[in-house]
Structure formats: structure tokens, C-alpha cells
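Structural overview for review
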Amino acid sequence: MSQIANDIKACGSACDAYLKKGFLMKTVKSGVYENRLSDFCNIFDDHKKTVELAMSIHVTAGMDAANEKLDHQHDRLKNIERKLDMIAVFRKLDTPREKDINRFIESHGGARACITNDELLEELIVKSGELSVARISGKDNGRKSNDLPQIRKRLFKELQEDIDDTFKRNMVLFERKLEMQNKQLTDALHQESSHIISTLLSGAHDRIIDSDLQKIWKDMGWKGSVKARHFVLALHDYYTDLLNRQSPHPGKYDRSSISPLPSPVPRSPLPPTPTTARSSSFSLKKRPDDRWALAYINAAYVQPILEAVDDDGTGFVSVKEVNTFVESRPEGWSLPTWIAFWAVGWQASISKYKSQIYSLIQSMFQVLEHALPSNRRAIDEYLFHASFWRIELLLRSTRSINFKIMSDPDLAKVTEAYSAAEEERIDGNLKDVAYELDTPATVSLVTGEGRIERYIFPLIYLLLKRHLEVLKLACKHVLDTEELATLNESLVSVLLTVDDRIQNLEAVFKQTHLDVQGRFGNFAFGLFQLSYGDIRRVPSQNTLGTWIDEDENSTGRKEVLTLESIKAGLQESSCEILKYGIQDAFHATDYYEFELHRLRASPNPIQGTWTGHCSRREGEENVTFLVRVSFKLSFDRKTLLGKGEDYSSTFNFSGTTSRGKGGYDFTFAITDDDGGLCRTCKGTLSLATDTITATWSDRRKKDNPDEVDYQPFVLRRTPPFLYRYRYKQHEFSEDPTRARWSFACNAVLHQVQAKMWSRQFFERRFNDRKRFVELSVRDLVVTMGLTPQNPLATAEKQELDYLRRDLDPSEARFYHALATFEIQKLPWHPAWGCDWCERRITKCRIMCLHCMSDDLSDNIDLCGVCMDRMPTKRGFSHDVSHPMVKVEQTLHDFHFSRVVEAAKIALERAKGLLRNVESALRGEDPTAFALTSPRSSRGSGSTGTEPMDPKDLIACACCRRPVTTPCWACVTCVRDTFVCQECDRKRLPALSDGPSPTHNTSHPLVRIRDSSIAGQNATTEEKLAALQQRLVNLEHKVADGLSAIDMKVEERLTRLEAKMDHRFSLFEASAEARFDTLEALLRQVVAQTSALPSMYGQVVREHVKNLETREGEPGPHEAVNGTVAAGAKVFRPKAFDVYWHVIYANETYEGGYVPDYQIMEQMEVLNRDYKSANISWNFINITRIHNPDWFVNAWPGSPQEIEMKQTYHKGNSSALNIFTAGFNSTDKSLGYASLPSAYFREPLKDGLIIRFSTLPGGSHKNYNLGRTTVHELGHWLGLFHTFEGGCTGVGDNVADTPPESSGAEGCPIGRKSCPDSKDPDPIHNFMDYSFDSCMTHFTPGQAVRMHEAIWAFRTPRPPSPGTSATPSVSQSSSSSGASTTRTNSGSTLTNSNSTSAASATLASVFSSSPTAAADDSPLETEEHEEGGTTGPTDDAESRLADSSSSGVHERDEDWDDEYERDYEDEE
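Within each chain, residues carry numbers counting from 1 in the order of the written sequence. Two thresholds apply to this predicted model, a pLDDT of at least 70 for residue-level local features and 80 or more for giving and counting side-chain atom pairs, whereas whole-chain, interface and lining totals are computed over all residues. Side-chain calculation: all heavy atoms of the structure are included, whereas hydrogens and water are not.

Time to look at the state of the cysteines. For the purposes of this analysis, a disulfide is any pair of cysteine sulfur atoms at a distance within 2.5 Å. The final tally for this structure, using the stated rule, is two disulfides. Across the disulfide, cysteine 1287 is cross-linked to cysteine 1314 (sulfur-sulfur distance 2.0 Å). In this structure the cystine formed by cysteine 1287 and cysteine 1314 twists about its S-S bond by roughly -90 degrees; its chirality is therefore left-handed. Residue cysteine 1287 is located in the loop between helix H37 (1267–1276) and helix H38 (1340–1353), and its partner cysteine 1314 is located in the loop between H37 and H38; the two are separated by 27 residues in the primary sequence. Here's how the labels work: a residue is buried when its accessible area is under 20% of the maximum for its type, exposed when over 50%, partly exposed in between, all with a 1.4 Å probe on protein chains only. Looking at cysteine 1314, the relative accessible area reads 3%, which means it is buried. Each disulfide pairs two cysteine sulfurs, and for cysteine 1307 the partner residue is cysteine 1334, the sulfurs being separated by 2.1 Å. With the S-S dihedral at roughly 65 degrees, the linkage between cysteine 1307 and cysteine 1334 falls on the right-handed side. Under the DSSP-based scheme used, a helix requires at least four consecutive residues in state H or I and a strand at least two consecutive residues in state E, with every element numbered from the N terminus.

So, on to the pairing of strand S15 (residues 859–863). Where burial is concerned, most of S15 is hidden: five out of the five residues are buried. Of the two faces of S15, the one holding Asn859, Asp861 and Cys863 and the one holding Ile860 and Leu862 are both buried throughout. Bridging between strand S14 (residues 845–852) and S15 involves four bridges; their strand directions are antiparallel. Along S15, the bridge assignment pairs methionine 847 with aspartate 861. DSSP calls a pair of strands paired once it identifies at least 2 bridges connecting them. A loop of six residues connects S14 with S15, the two strands running antiparallel in sequence, and leucine 856 in this loop sits at a positive phi of about 65 degrees.

Counting residues in each nonpolar core, the largest one holds 114 residues, and the members touching the most others are Phe231, Tyr382, Leu464 and Phe528. Element by element, the count of residues in this core is highest for helix H16 (residues 335–368), at 20 residues. Any two residues whose heavy atoms approach within 4.5 Å are treated as being in contact. Setting aside anything within four residues of it in sequence, one finds phenylalanine 528 in contact with Leu394, Ser397, Ile452, Glu453, Val498, Arg501, Ile502, Leu505, Phe520 and Phe523. By size, the runner-up hydrophobic cluster in this structure holds 49 residues, among which are Cys834, Met847, Cys848 and Leu1005. In plain words, nonpolar cores are sets of buried Ala, Val, Leu, Ile, Met, Phe, Trp, Tyr and Cys residues tied together by side-chain atoms within 4.5 Å.

Helix H27 (residues 759–783) packs onto helix H26 (residues 736–755) with a crossing angle of 100 degrees between their chain directions and a minimal axis gap of 8 Å. In terms of their interaxial angle, H26 and H27 are classed as roughly perpendicular. Residues His750, Gln753 and Ala754 of H26 pack against Gln760, Phe761 and Arg764 of H27. When grouped by side-chain class, the residues that make up the contact of H26 with H27 number two nonpolar, three polar and one charged. Here an axis means a line fitted to C-alpha atoms, over the contact stretch when the element is a helix, while the angle between two N-to-C directions is reported on a 0 to 180 degree scale. Roughly parallel here means an angle under 35 degrees, roughly antiparallel means over 145, roughly perpendicular means 65 to 115, and every remaining angle is called oblique. Polarity classes work like this: nonpolar for Ala, Val, Leu, Ile, Met, Phe, Trp, Tyr, Cys and Pro, charged for Asp, Glu, Lys and Arg, and polar for all others, with Gly in that last group.

Moving on, we get to the packing of helix H21 (residues 456–473) against helix H22 (residues 483–512). Their axes nearest at 11 Å, the elements H21 and H22 cross at an angle of 175 degrees. Considering the angle they form, H21 stands roughly antiparallel to H22. Contact residues: Ile456, Leu459, Ile460, Leu463, Leu464, His467, Val470 and Leu471 in H21; Glu483, Leu484, Leu487, Ser490, Leu491, Val494 and Val498 in H22.

Our next topic: the packing of aromatic side chains. For Phe, Tyr and Trp, where Trp contributes only its six-membered ring, two rings pair if their centres lie within 6.5 Å, and the inter-plane angle classes them as stacked under 30 degrees, edge-to-face over 60, or tilted in between. Per the counting criterion, the structure on display carries 58 aromatic pairs. Judged by centre distance (5.5 Å) and plane angle (80 degrees), the ring pair of phenylalanine 1136 and tryptophan 1276 falls under edge-to-face. Residue phenylalanine 1136 is found in strand S22 (residues 1134–1144), and its partner tryptophan 1276 is found in helix H37; the two are separated by 140 residues along the sequence. You can call phenylalanine 1136 buried: its relative accessible area is 0%. Taking the centre distance of 5.0 Å and the plane angle of 70 degrees together, the rings of phenylalanine 1283 and tyrosine 1329 count as edge-to-face. Taken together, the residues phenylalanine 1283 in the loop between H37 and H38 and tyrosine 1329 in the loop between H37 and H38 connect sequence positions 46 residues apart. Of the two residues, phenylalanine 1283 and tyrosine 1329, neither departs from the other in class, the shared state being buried. Ring pairs connect the aromatic residues Phe325, Trp333, Trp338, Phe341, Trp342, Trp346, Tyr418 and Phe525, which therefore count as one cluster. The ring of phenylalanine 896 has arginine 537 lying over it, and the distance from NZ or CZ to the ring centre is 5.9 Å. Counted as over-ring charges are cases with an Arg CZ or a Lys NZ within 6 Å of the ring centre that also lie within 35 degrees of the ring normal. A cation sits over an aromatic face here: lysine 1134 above phenylalanine 1136, 5.5 Å from the ring centre.

Residues Arg679, Cys681, Gly683 and Leu685 point to one face of strand S8 (residues 678–686) and are all buried, whereas Cys678, Thr680, Lys682, Thr684 and Ser686, pointing to the other face, are not buried. Pairing of S8 with strand S9 (residues 691–697), which is carried by seven bridges, proceeds in the antiparallel orientation. Looking at the pairing, serine 686 lines up with threonine 691 of S9.

Once that is clear, we can look at the environment of aspartate 1189. Turning to its location among the elements, aspartate 1189 is positioned in helix H35 (residues 1188–1193). Not counting residues within four places of it along the chain, the set of residues in contact with aspartate 1189 comprises Ala1194 and Gln1200.

The next point concerns the confidence of the model for the protein. The predicted model of the protein has a mean per-residue pLDDT of 77, with 73% of residues at 70 or higher. Per-residue confidence from the predictor is given as pLDDT, running between 0 and 100. Within the model, the stretch residues 131–142 combines pLDDT values under 50 with 29 contacts to residues more than four positions away or in other chains. Note on residues 1360–1467: pLDDT is under 50 here. Beyond four places in sequence and across chains, it has 257 contacts.

Before going further, it helps to spend a moment on the environment of valine 974. Examined against the element boundaries, valine 974 turns out to sit in the loop between strand S19 (967–970) and strand S20 (978–979). A sequence separation of 22 residues divides valine 974 from serine 996, and the C-alpha atoms of the two residues are 9.2 Å apart.

A carboxyl oxygen of Asp or Glu within 4 Å of a side-chain nitrogen of Lys or Arg is what we treat as a salt bridge. In total, this model carries 52 salt bridges according to the counting rule given. Lysine 986 serves as the salt-bridge partner of glutamate 982, at 3.4 Å between the closest nitrogen and oxygen. Taken together, the residues span about one helical turn, with glutamate 982 and lysine 986 both in helix H31 (residues 981–986) at a distance of four residues. Judged by relative accessible area, which is 48%, lysine 986 ranks as partly exposed. A salt bridge links aspartate 1321 to arginine 1311, with the nearest nitrogen and oxygen atoms 3.1 Å apart.

Before going further, it helps to examine unusual backbone geometry. For the bond running from threonine 787 to proline 788, omega is 5 degrees, close enough to zero to count as cis. The backbone of alanine 524 sits at a positive phi, close to 55 degrees, despite the residue not being glycine. The topology assignment puts alanine 524 in the loop between helix H23 (516–522) and helix H24 (563–570). The phi dihedral of arginine 874 is positive, around 50 degrees, even though this residue is not glycine. Assignment of secondary structure puts arginine 874 in the loop between strand S16 (872–873) and strand S17 (876–877).

Dropping the structure here:
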């Protein structure tokens, strides 16, 4: 029987929890509730059978075993049938609205699909009848609600909520309420049982408990009820006669004979009934005289006395109501005292509570100013809730007592004693339910029997007092976002109880009164008058912020709460009053127990941590992220336990595992936080590959089996913090050894840097965190429909995906929590959104002062982005010329009316001041200037010897410059405070020594478009003057704009002219030097015709041999073992260090802020494309440089390029410096590169400049696979374009590249631009102009040429004895003597045992051999017998030597003497 009782209690708790859910929430989860509640029906049916069986045992001897088994099977079938029948019963009980909702949900893809889609969700809300505005909010004002995200969040939370957990949590509160109710019923039955028989046998007057009232009732001959007025007059006459007979001096009584009221005795630990509470809490000693009370029992107080006795409000007093009134009398109180209290004392009590409630709410708004930013949004939503303006209606409509009446000491003592006892009783009941009033039934349980108006103010006061303590905790600790929402639910339950009472009274009043509204004005001192009828929010009448205590006995002005006083008061407060606890710290997941050395020894190898990539669909996009899953076996080795984590959530689980074919199978289930569904994970551990292949599934899989959520994913044992370095599948397929070695090196480097606390390690982590948080915040703002929005660009989305895929889930979840925390700290504006973009407003809110209703209940709202838009909605037609006020924080009704009025006053005052200043500046005497603004404290004229400058009166508070319209004026500051547009856009703070140092960026600002007078009060002259002023302002603006344009054009023309002059001077110098060189070469050719070519070749070979012998370094063709394979070139591997320099204009991708992952992908492309040439590139670091000028103007030869490279160039000739920039709009180049021989003349100008958008994944169409950098590196290693020289000549000095007349455009397969060539054009060569996707390889001859250039120019050598390590340039033009010289581009490189001279000579040899890159034929040279000088043999060699030594080559027909410059092909 105990079990049956417990099951009945559990079923009652389940029904209570179910009834508290909204209709829509019950409907979308109806199937789960039906199954769970039908289980209770089966349980009770089983109990019934058990009881029947227990009774039949006494009369049944036994039962056959076979029949028992058959009956058992029969019972099982019956149980299933009963459950199906019960569900069918539930189906029959469905209301038409429920059936309609269910059909709607099923026809649109289920609950999740309806909740996700905004249109379906709105239609679902309309069909359900549960509008987004709560019932207590009254009627909607026609404005579209912007709380769909909150409704969706609640529905998703409801879907994911486990029914058993809900019932279990509700059981705690349900048992408290059940116990309280049981005790109240027990006490009531005990007290009433003695009166039942006598009441049944007696007449009408005999049923009255009080003897005095019984006598009155009998003497007056009343039957079952009597009119309230007659009842009150009869009471007065009866007690007057009675006291006159008892007193020797009629009309007088001795107040000194009345004993004082005793203090209330301690409350009983058991929750008392209303009767026992009043009888046990306090009592009055027997009074010898109650004559003082007769003054309050007369016709003047008929209404309050009537309301005290007449609970149903009919105007008639019944015997039952009289007995109830008498029984509620405190023990020891006489009936006259009890009646006197209700005549006057109760009004005094509610007046006191009214003042206290006003004071509490004002204190809450003071605390709001000191709340932590992370709690500000939750507190704003709590205070903005409709329950507060509903409470304000109750307070405003209740008439306060004239406190002079309370000068009667007897009445004051009675009132104070009863109020204190009632407050103690209600507070005790609230503590029993933890101050959580979840339903109106709980409210009635806490207050006890009786009219709600008797307890409404004490109850609200105690709740708000508790809520204020919670708000104070929000000044010190971070609270859960649901904490304050729960507080609002308690207030809603109280107000719903009030609404029920109003509905009941309305039904009674309509039967007896024509004017129901007027009847409510007289009932309960007008408590319900404003809460009846068409109620709505009217900020203009809100009194929460303007109320002043009218009690003359009040202690005076309330002390202002400061942060110090709040924290000092919190020292004694306990955080136990919080339902969800404090959230000051991020809760990291502990995986200590899953470390391998801590796991129990088991043959099951699934234990440990596994990591892999998983995907899911979020909105319209597929998100791939890194997930971590850790397994371990339970102590009995039968259950698989574990934890999991990704970038946004964590989960715990338990499941099962078993041995399968080739490995182990497992399964576990979790609850999906997003969809609210139970998700099952099934996987298999392969012992052969040591990997886990798993899939997710849920009930939605059958409808969308191909969704990315249900695709298999692979988990590996790689630690999550090292997974970012793991090789990709295609990398492993190309070269497994290299892929593994790269992963091992990077993993070891990461762990070593982490252990040694490397600065580079922490800088990388800091950058990852910064980017993850920044990108996630912007993504969340767009996803949540907030404004202002800055959507992610394509590259930024890729970067965020890269971070989610590669970051350790623990780190990523922490960063995601930081992003969510940043969203939580945003200043929100509850209730509505922007009237233009319809997004929810955060940060600044713009309100039109013109498009605003008279009662301030509606207005045009705009976000900061849409400030200049002109919406037309709800009867308003907004225009940009309208005055507007901007608020940075939530504008509550508490401040609304004052801010609007102050904004209008500040607008007119600021306009007047601007007009006065303009008049003074137009020619009036500044010394006679007088300020008409009454609030300005900057001075109204000259008070000293020096005249005051009128411009100082309109100086910006943030920059001190005089403001010009449009501008902003502060609404809050006492002084006239102006803020210019630029300072407001940058959100600059006020200067501490400026004109308004107390100004704050959170102050409301009113916008001033011009200083003209507007409105009906303006005269015709004033309007004409205003129009003239506006025309003058417009003229000035146009003139300023044109002058600015002229200055810009002139500046740009000057810069262009200077640039052209510089280029022409460079061209002239280069042309002159080249002509001189050509002339010298021609003379050498004529002078050396008799020289033997073989001698020249021998000299060169001996020179090269001497260099090798001197420097001890192998040549470019030497193999690793010192030999050269016959008929082939074998090169030593060559690796270069790469330094990246990212030049950016701003921290956006369009501004050149290239993400790290793009650079890493570019490095992969370089190593992959140069692998065939046995050349590799080692990434060293990235330097990010913010310089908008360099970003645009760092073209070759420019001062910006020289300054940039001189500042940031790193390394020697073998170090590669890559600069990424954007170039200006007229420069279509994709990149620039220096040639190798130029290093010895200008080493600091060595390197590449690449357009940032050409990196892999960049935004440059057809050139975003990283081939631009590959192409430019070819120039850096000595290669020329494949179309060099066209179809004739030596071309690019490489024999195995077919000739080409011009660069290829696109990917023209089969193109043959040279008719005499036997091969098609090399469009797939990296040194052509094809699209990136068309480029695939270098030729073997190009590889030979690159290695020769590396050996000659890119291999640092120690200086010879007596020389400097720095390359030297000699200006001597002599071609005779012992030293060998070569004149190129007007300069002479001296080969006097110097490294640079040797390299220059090698440049001549290297450049003059068109066949050297193709085979091992001897280098063709000439030698001058007398002069000892050498040189190229033909014009092509001269050109190539020229370009090699000067470092010059261009992608088109133009030539420059500094860089290889490549252009994008344009149609």
C-alpha cells in the first residue's frame, strides 16, 4: 500500500508538471507525455490486479504451473493492449485545436522543422493561441514581436528536456505543496468537525459562531443573508449601546486602560492555516474597553468593512461569510477591533507596502547601474518584463490612506501587529517553496484562503525584496541567464492570480452595476481599476521613476546605493538563494581519468581518448569540427562510460561494447542540445588500422539519410592538441614518409615549445584565440539576427572553419564560450527590433522624437546602421530630417518619459545656442554676445577683460573642435554638451580637461541636423531665416566638398607627375647605360674576333675550379657522393628559409589581413611544385605590418618599397622574403620578383611582392591557387618567361622549353603561336601566363638553370682573405689591367678576389649559354688575348646578362631595372 501511495504521489507530481507547460509545448511533445502518463495508468492497473490477487489468495488454494505460464503470456499481451488502448483514449481526448496542431506539425516535417523555420513557427504560435506576448501583457499594439529567437530557444529546450528528470525536479516542489496542503486540510477539518452537527440542526442565527453577531442576527430577524449596509449599521448601533451601558461616562473611554499589544510569538514550524496562523502568531490581552473602535464602525467605512466580510463581492453578507470573517480573527482580538482594522487599518497597511514596493523598484534601478556587464542583459530583460508595468498599474490605481488617520495609537498598534504577523506567515510559506511560484495554485497555497487583494502587496513586496538580493549578487558574480527569468515567472503567477480575481469580480459586478469600471474604482481602494479592461503599456503615465513617498512620518530621502555599499552588504549574503548558482568561471572538462596509465587493465583496446573530424548542419551551412571522445570501462567491465567535447558543447554518456569481427563494436546515446533529440552513436574499432568508424543517428535520419549529420566519421588516437599537424590523406598518398616525418617534427616542436613556454607558441595561441573569438562573435550576431552586422567574408568563413577543424576541442570550446560571453555583454534593447531591417537592436538604439505616440507607447526605432533610413509603419512616416535621440543602454519605462522630455528640451536649447553662436560669428560684437541657454555653465558672455570666443560654447566635448551640424547634444549632462559626428562614430570619451569632463558615452544624445526653428511656434520671419540658414549651410557644404575634391585631384596629379618624372629619369638612365654597354660590347666583339673561343672557355673553367677549390663547396652538378651520373644532372637538395611579411591596411581580408592557414597552404603548394627540382622551402615565421601606405604604393622603385624592405628584410642571399600587399587600383600586377644577380648590388631589395588575393583560396578569380608565388619564385631563381624573345633568338636560355610568341591567356590547350616550332606552346609551364589551374610543371632544363643560379648567386660564401663579406660595386670603367672586369648597365664589377666579382663573372657565363640548361656541352666563350676581358657573344646573351646583373625582368613588353613584374591578363 505504501508503494501505491508513492505512485499516486508521483502521478500527481507528473500531472502538476504537465499542467504547468504551455499548450504549444505540450503539443510538440505530446507523444512523450502520452507514453509516460499511460505508464502510470498501467501501473495503477497492475496495483489493482495486485490487490485483487492478494484478496483472492485467501480463497484460492493454488494454480496450475502451465496455466500460470499461459496466464503470464496472456497478461503481457493484455498489458500491451491496455497501453495501446490508453493511448487511443488519449487520442479520443484530443481537442480540435490539438488535432489541428498535430496535423500541421506532421505535414511540415515534424516539430524541429517547424521550430527552425520562422514562418512556420509564427503560424504555429498563432494556431496555438499562445501569442509571444504573455497573457499578463494585455493586448498587442500591432507591432511585430521580435522574440521568436527566445520562443525557439524555449521550444528546443522543451524538446531536449527529459520527462523523468522534469518529473523528478517537480516532485521536490510538489511534495512541499502537498505537505502544506495536507496540514491545512487537517487543521481545517479538525476545527470544523465540531460545528457540523450543530450547524445542521440549528437555524440561521444559531449557525453564527460569535455570540454578539448571533444576537444581532436574531434580534434583526435576518435569514440567510443581509445587505452589507444594514449589517454595518446594526453592528455600530449594537456596540454603541453595549459600551454605553458598560461605561459610567458615556462618550468617553480611558486609553490608558488599554494594555499594549504583545509581540508576535514565534511561528510554528508547521505551515499553519490562515486561522491558526492568526490565532497562534499574536494575540491581544483582554481589553476592558473597545470604544475607540466604534469610531471606525459607521457608514463612512461601509465599503472596506463590506469587502472584508463579503468575499464574493455580491453586496450581501451571508452566515457563512460572517463565520469565515470571525474565524479569521486573531486570537484575543475583539470583534470591534477586528472590524476597525478592516475599516481603516488594512488601507494603512497596503499604503505602507505600496511605498515599500516603489522604493524596492527604485533601488533595483540603482543596482542596475552597478551590475556586471555580463549580467546587464538579463537584468534589463527582467526589469523590462511586462510584469513590472502591471505591478505599476496596481500601485498607481491603489488610493493611499491619509496618514493623519494613523495618529490613533490604538489603530496604529493593531495595524502594525497584524501586518507583521501576516508578513512573517507569508514569508515562511515562501521559504518553504524557495520563493518559486510556478503556478497560480502555488500562490493560493502560499497566501492561504481568502481574497488575493488581502495578500497581494505583502506578497509582491517579499518577492521583490528577495529579487533585489539577487540583483545585488549580480554586481559581484556572473549569474546564469535563466536565474532572472525564473524570478519573472513568480511575478507572472501572482499577476495571473490577480487576473482570475478580476474576471470573477467582473461577472458579479455586471449583474448588479452598469458601470463596472466605476465599481472597480470603489472596490479595494481602486486596486484593480487600472488592471481591468483594455490594459496596455503607457510609459508616459508610468510612476515607478517619479514616485515620492507621501508619508510625512517617513525617514526622509532614501540613501543612494553605491557599488561599495552594495558589496559591503553582500558580505553577509549567501549565494544559496540562487537557483542555478554563480557562473564566475568556465567549467572545463576533466579527462584525467581517461589517461592511459590511469585506466584499468582490460583486453578491450577501445579505452582512451580518440579524436577526429565530425560534421553537422547548422542553418544553411555544413560545419566541420574536431571532436574528442574518451572511453573507459566501468568497474564491472560491462558498461562503456565516457565523455565527449566539441567546440560548442560537452556530453557524458554510457553505453555498451562487444567483440565483433575484426575489432570491437560499441553504441551509446546522448541528448542533442540543438535539436532536443536523443542521438545514438554506433561505431566499430578496427584492430587492423587502430581507428574507429562511427555514425550518428536519430529519428530524423529516416527523412534525411543523406544529411551530413549522419555520415560516417573516423576517430584516431592522435591527441587533440596535435591533430592540427596531422597530414591530410592526399599528402599521405603522395609521399607517406614525408607526411609522417612532417607530422612528427611539428608535433615534437609543438610539445617542446609548450613545455619551454616559447614566446612563439603563446603568440600563435593568442592569435588563434583572438581570431576565433572575433569571427565567432560576428557569426553569432548574424545567426541570432542582431544588429549591427558585419557578415564574414568567404575567406573569413574558411578561416573560422579551419580553426574549428584544427583547434583542440577544449580550447575551441573555451574560445566559443568567450564569444558567447561577448554577445551576452552587448547592450540589448528588449521587446522590439529595428523598424527598417527588423533585426533585434544591440548597442545603440535610435528613436524618432517626431514619430512617437502621445502616450509614448509606440515609436519608430532604428538601429545604428539604419539611422538614415525612412520606414513607414504603424501610421508613422519617418524622415531623416526628424529629430532623433540615441540611447546606448536599455531605455526602461522607469526613465522613458524623462529622457524624451529632456531630449526635446535639450534639442531646442542646443539649436538656440547654435543660432546665437552663428549670429555672433556673422559679425556681431563678440564682447556683447549673450548666451540665452539657462543650463549652460560655460559662461554667457565675457566676465573678464578678455572677450569670450563664441566657438568655445559649441566645442565638442571629445576633441574641443567647434561642432557643425549635423551633430549630437547630450541629454543628461547639466552643461550644454556637444559631440561631433566623427567623435561619436569613433565612440571617443570626453576629455578630462575639456568643456564637459563628466560626459559619458552611455548618456543619451539628441541629433541636431540644423539650427533652424521648426514647429507651429515659429513666425514667418523665423521660418524664412531658418530656410536661409539651411541654404547657407548647404552652400557651405557644397563648397567644402568641391574644395576637398579639388585638393584630392591636385594631390593625386602631383603624385602622378612625380611618379612619371621618376620613372622617366630611371628609364633615361637605364637606356643611356644600356646604350653604353651595347657600344662597349660591339667594340669588344670587333676587337676580339681573332680570339680563340676555346681559350675563353678554358679560362672560365679554370676560374670556376679555383672558386670551388678556394671555397671548398661542390658545384651545382655535383652529386651527393661526389660523382655525376652519366648523361644526367644530379643535384644536391637545396632548402631555403622563407620569411613572410603580411602588409595590411586593416584587419579584414579585403584589407590584406591574410590568415595563417592560407600562408601554410601556400607553403604546401611551393614544396609540392618545386619537389621535382629537388628544391624545398622552410617556413620560418610571419610578420604582420599595419601600413595602409605600403599596402597600396609599395611598387618597385617607390620610396615605400625601399623603406619597407630596408626595415623588414631578413637573412642573406639564400633567404626568401615574401611580402604580401594589395597594390593600387591602376596596378594590375599579380606580383614582382627580383632576379638573383641583383642581390650583390642591392641585397636589401631582394625578395618577392605578391598580391595577397592570389594565395590559395584567395579572392582573385583564376589566380587563387598559389601559382603566382610559384611563378615569381622561378624568376627569383633565375628563370625567364617561356615566351622570352618571342619565336626567334635564344628565348629563355632553356633548350627544352618550346618557343612562344606571347604569354598564354586562360588555358588554350594545343596553342601553337610559333609556326616554325615543332611543339605546341608550353602553356602548362609555371613560367607562362596561363591560369593557375593550367600550370603543372617545370622542365628538366629549367631545374638545371635554377640550380646553376642557386650555386652562383644564392649560395652564401665566406669572404676571401683581405676582402669584405659585403658585395662591393666598383664604379671604375677601365677594361685593362690585371683584373678582369665586365661592364653591365653602366656599372663595373671588379673581380679582385671578391665573392661579388666571382658571382658577376658566373652571371656572364650563366646568362650567355642558351644551351647550358639543357645538356653538358662546354660553355661557348670568347677570350681577348690582350685586354683580358670576356663578354657574351651575341645580342641575346648581352640582353640576358644585362637583366641578370641588374635584377630586371618584366612580364609584358615594358622593362624595369629592378624587378620581374607579372601582370594579370585582361580582356
